[in-house]
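Letter by letter, the chains look like this.
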Amino acid sequence: MGMKELVDELAAKRTRARAMGGEEAVARQHAAGKLTVRERLDLLFDAGTLTEIGVQATHAGIAPDLAGRETPADGVVTGFGRIAGRLASVIAYDFTVMAGSMGRTAEVKCNRAREIAYTKRFPMIWLIDSAGARIQEAIGSKSFAGSGLLFREESIMSGVVPQVAAMMGPGAAGTAYIPALADFVPMVKGTSNMALGGPPLVKAVVGEDITAEELGGSKVHCEISGCGDLEVEDDRACIRAIKDYLAYFPQNNTEPPPVVPCDDPPDRREEALLTLVPDSPRRAYDVKKVVRAVVDHGVFLELKPAWAKNVVVGLARLGGAPVGIVANQPMVLGGALDVDSADKAARFIMLCDAFSIPLVFLQDVPGFMVGSKVERAGIIRHGAKMLYAVSEATVPKLTVVLRKAYGAGYFVMCGRGYEPDLIVGWPTAEISVMGPEGGTNIVFRREIAAAASPEEERARRVEEFRKLINPYMAAGAALIDDVIDPRETRGVLIRGLAMARTKTLQRPWKKHGVMPV
Amino acid sequence: MPEEIKAHITGVVFQITAAAGARVAAGDPVIVLESMKMEIPVEAPRDGAVKEIRVQEGQTVQEGDVVAVLE
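Conventions adopted
- Residues numbered from 1 in each chain as written.
- Chains lettered and ligands numbered in written order.
- Predicted model: local features only at pLDDT ≥ 70, side-chain atom pairs only at ≥ 80, totals over all residues.
- Heavy atoms only, no water.
- Contact = heavy atoms within 4.5 Å.
- Buried area = accessible area lost by both parts, 1.4 Å probe.
- Salt bridge = Lys/Arg side-chain N within 4 Å of Asp/Glu carboxyl O.
- Helix = DSSP H or I, 4+ residues; strand = E, 2+ residues; numbered from the N terminus.
- Buried < 20%, exposed > 50% of the residue type's maximum accessible area, 1.4 Å probe, protein only.
- Axes fitted to C-alpha atoms, helices over the stretch in contact; angles between N-to-C directions.
- Parallel < 35°, antiparallel > 145°, perpendicular 65-115°, else oblique.
- Left-handed = near helix turned anticlockwise from the far one by under 90°.
- Nonpolar A, V, L, I, M, F, W, Y, C, P; charged D, E, K, R; others polar.
- Core = buried A, V, L, I, M, F, W, Y, C linked by side-chain atoms within 4.5 Å.

(A) Looking closely at the interface of chain A and chain B. Taken residue by residue, the interface counts 20 residues in chain A and 10 residues in chain B. A buried area of about 1,300 Å², summed over both sides, lies between chain A and chain B, and 60% of it is on carbon and sulfur atoms. Linking chain A to chain B there are four salt bridges. In this structure, B:Glu39 engages A:Arg282 in a salt bridge whose closest nitrogen and oxygen atoms are separated by 3.1 Å.

Next comes the structure, spelled out in C-alpha cells:
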C-alpha cells in the first residue's frame, strides 16, 4: 500500500475508535441520562486542545470471549488538553465499551496519563463511569499479583498536583478507590454511585439485597458517608463544577494559586453584617451569609455542603486571590464541632495548605461536643486531626472571632496559639475556656453550696464571670490584634492577606508526622 | 404514616414550640433543645400534623430519643 492508502486506513481506524461502543450503546448511554465520554471531554477542554493518547488501543487478547472483537480505545479515553488555558491530564472511562471496565490495555493508557500529570506537574482528572476491574482480564493470580500500582501513584501525587475524580456513572471497587484518594469528588445525581463492592458482590458475599443507588448513590456519599464533595444535577453541571474548582488551584504545589482581576471594592462595607448576629448569644444565624457578604461578588464554592453541616468549608476569592474559608455554622448543632465536622475541616485545611491557598477562619463555636456518644466515636482523635492540620498549615491564616470561641474550638479554628497572621474579633466575640454557666459551676461549686441562697449566689457569680468574657479583655492584653466593626470585615481580611503574602515558615525537617487519623 | 422525630443532640428541652394537633411545615421547629450553650431547634422532617409531643420542658433527652411524632 502507498502512503495514501495507509493514511486512509488510519483515518478509518480512528473513526471506528471514536465511535465508542457503537450506535446502540451510545443510545443506551443517552437514555440513561448520561453524555458519552467524548461529549464530556468536549465540554471539559477548551475547543480543539485535547490531544488523545492511546486511541488505537484495544483489549489485551487474553479473554476467550473477546476473541475477534475490538474494544475501541479499550474503554477509556486518555490524553491531555487545556482547561481555561491551563494544561490538565485526563482519564475518562467509556461505559459504552465493556461497561468502562478497567482492562489490561486500558490500565497501560491510564498509567501513561498519570505519568504525564505527575512528571509535568499539572492536574489529573478522572471522569469515572466504570463497572470496575475487567474480571476476564484480571482473574487469577498471574494477572492480579502485579496490579494495583495506580493507588500508590495517586497517593504519591496527592498534594503535588490537584486531583479531581468526578463520578459520572458507577464506580465499583477499583474505580471507587480513585475518588477516595482524589482531592475533589463531584457526583452526578441519579446516575453516579460508588462502592467497594457493587450490589451483585454484596448479595453474594453478605446476602444483602440493595440497589446501587441505595448502596452508594450521590445522596449516600454527599450526605451520610462524606466521601462525595458535591452533588450535581447532571453531566453538564458536573463538568462546570470541575472547572469552577480548578480555577482556584495552581497547576502544582510549587506555584501560587491563580489571582484574577477583581472589581469588587476591597473596602466594601456590608451593612447587613451589623444586624446578622442575634441579640441573644444563644440564638443561631446562618454563617454562610457572613461568607457571601465578605468574599468577592458573594461567590462561594462550598465543599461537602450537605455533610457535617455544623462546619462550612469552601473556596472563594478576596481581592481576586483564592482563599479557603472554614466557618462554624451556628444553625446546625449550635456550631458545636463533632467527629465528622472535625474530619471535614481538617481535610479541607490540608487541601488548602498543600496548594498554597490562604485560610480564613470565621469562629462561632461553643466548643467540641461532649458526652458518651461522641467519646465512643473517638472525638478526641478526630478533634486532634483539626489541631494537627491547623498546626501544620504554613499558608497565611486569618481569624475573625464572630461570637463564640470556646475551649478547644478556639484552638482548632486558628486561635492565637496557632499562628494566625491576623486575628480580630467582632464586638460580640466571646473567647473563653468555657461559658459562664459551666465555669461558675466548677470554680465556685463550694461557695454556691455554702451560700444562704445558692441560686442567687450562682446567678451573681455567673454575671461576674460573664464580665470577663468580652473582646476588650483579649484585645486589652494584645492577644487579639483588634476589635473590628463587622462591616469592616472584608477590608480587614484583604489587607491581612496582602500583608501575609510573603509569609515564610520553615518547619524542622521530618519524614512526616504521625497524623491522628 | 406516622413518623418519629428524634433529637439529634443530647440536651435539655428548653421550649416546646408546637402543640399536639398543630400543623407544621418541613423545617419548622417542633421543640427547642438547650445544649452546648445554644438553643438548638429540632425540626419537622416534612409537612404534617403533630400527633404527640413525648417530652416536657426541662427534661433531659439523649441523642436519638423520640421527642415527638408526626401524623
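Following the structure, the description resumes.
(B) The pattern of salt bridges, seen in detail. Residue and element names in this part refer to chain A. Going through the model one piece at a time under the given rule, you end up with 41 salt bridges over all chains. The residue Asp 264 makes a salt bridge to Arg 490 at a minimum N-O spacing of 3.7 Å. Note that Asp 264 is positioned in the loop between helix 12 (235-246) and helix 13 (287-294) and Arg 490 in helix 22 (residues 489-500), a separation of 226 residues in sequence. Looking at Asp 264, the relative accessible area reads 6%, which means it is buried. A residue is classified by how much of its surface remains accessible, and Arg 490, at 2% relative accessible area, is buried. One salt-bridge network, held together by shared partners, links Asp 264, Arg 268, Glu 270, Asp 296 and Arg 490.

(C) Inspection of the packing of helix 18 (residues 436-443) of chain A against helix 20 (residues 454-467) of chain A at higher detail. All names here are of chain A. One way to put it is that helix 18 packs onto helix 20 with a least axis distance of 9 Å and a crossing angle of 120°. As the angle between them shows, helix 18 and helix 20 are arranged oblique. Crossing of helix 18 against helix 20: the hand is right-handed. Of the residues in helix 20, those touching helix 18 at Pro 436, Glu 437, Gly 439, Thr 440, Asn 441 and Val 443 are Arg 458, Arg 461, Val 462, Phe 465 and Arg 466. Of the residues contributing to the contact of helix 18 with helix 20, the split by class is four nonpolar, three polar and four charged.

(D) Structural detail: the packing of helix 7 (residues 149-157) of chain A against helix 8 (residues 174-181) of chain A. All names here are of chain A. The contact between helix 7 and helix 8 brings their axes to 10 Å, and the two run at 5°. Relative to helix 8, the element helix 7 is oriented roughly parallel. Residues Leu 150, Phe 151, Glu 154 and Ser 155 of helix 7 pack against Gly 174, Tyr 177, Ile 178 and Leu 181 of helix 8. Looking at the contact of helix 7 with helix 8 residue by residue, the classes come out as five nonpolar, two polar and one charged.

(E) Structural context of the nonpolar core. Residue and element names in this part refer to chain A. Ile 125, Tyr 245, Leu 315 and Val 326 are the most contacted members of the largest nonpolar core, which has 84 residues in total. With eight residues, the single largest contributor to this core is helix 14 (residues 339-354). In contact with Val 326, not counting residues within four places along its chain, are Val 311, Val 312, Val 313, Ala 345, Phe 348, Ile 349, Leu 359, Val 360, Phe 361, Leu 362 and Met 413. Ranked by size, the runner-up nonpolar core spans 29 residues in total, among them Leu 273, Val 287, Ala 293 and Val 295.

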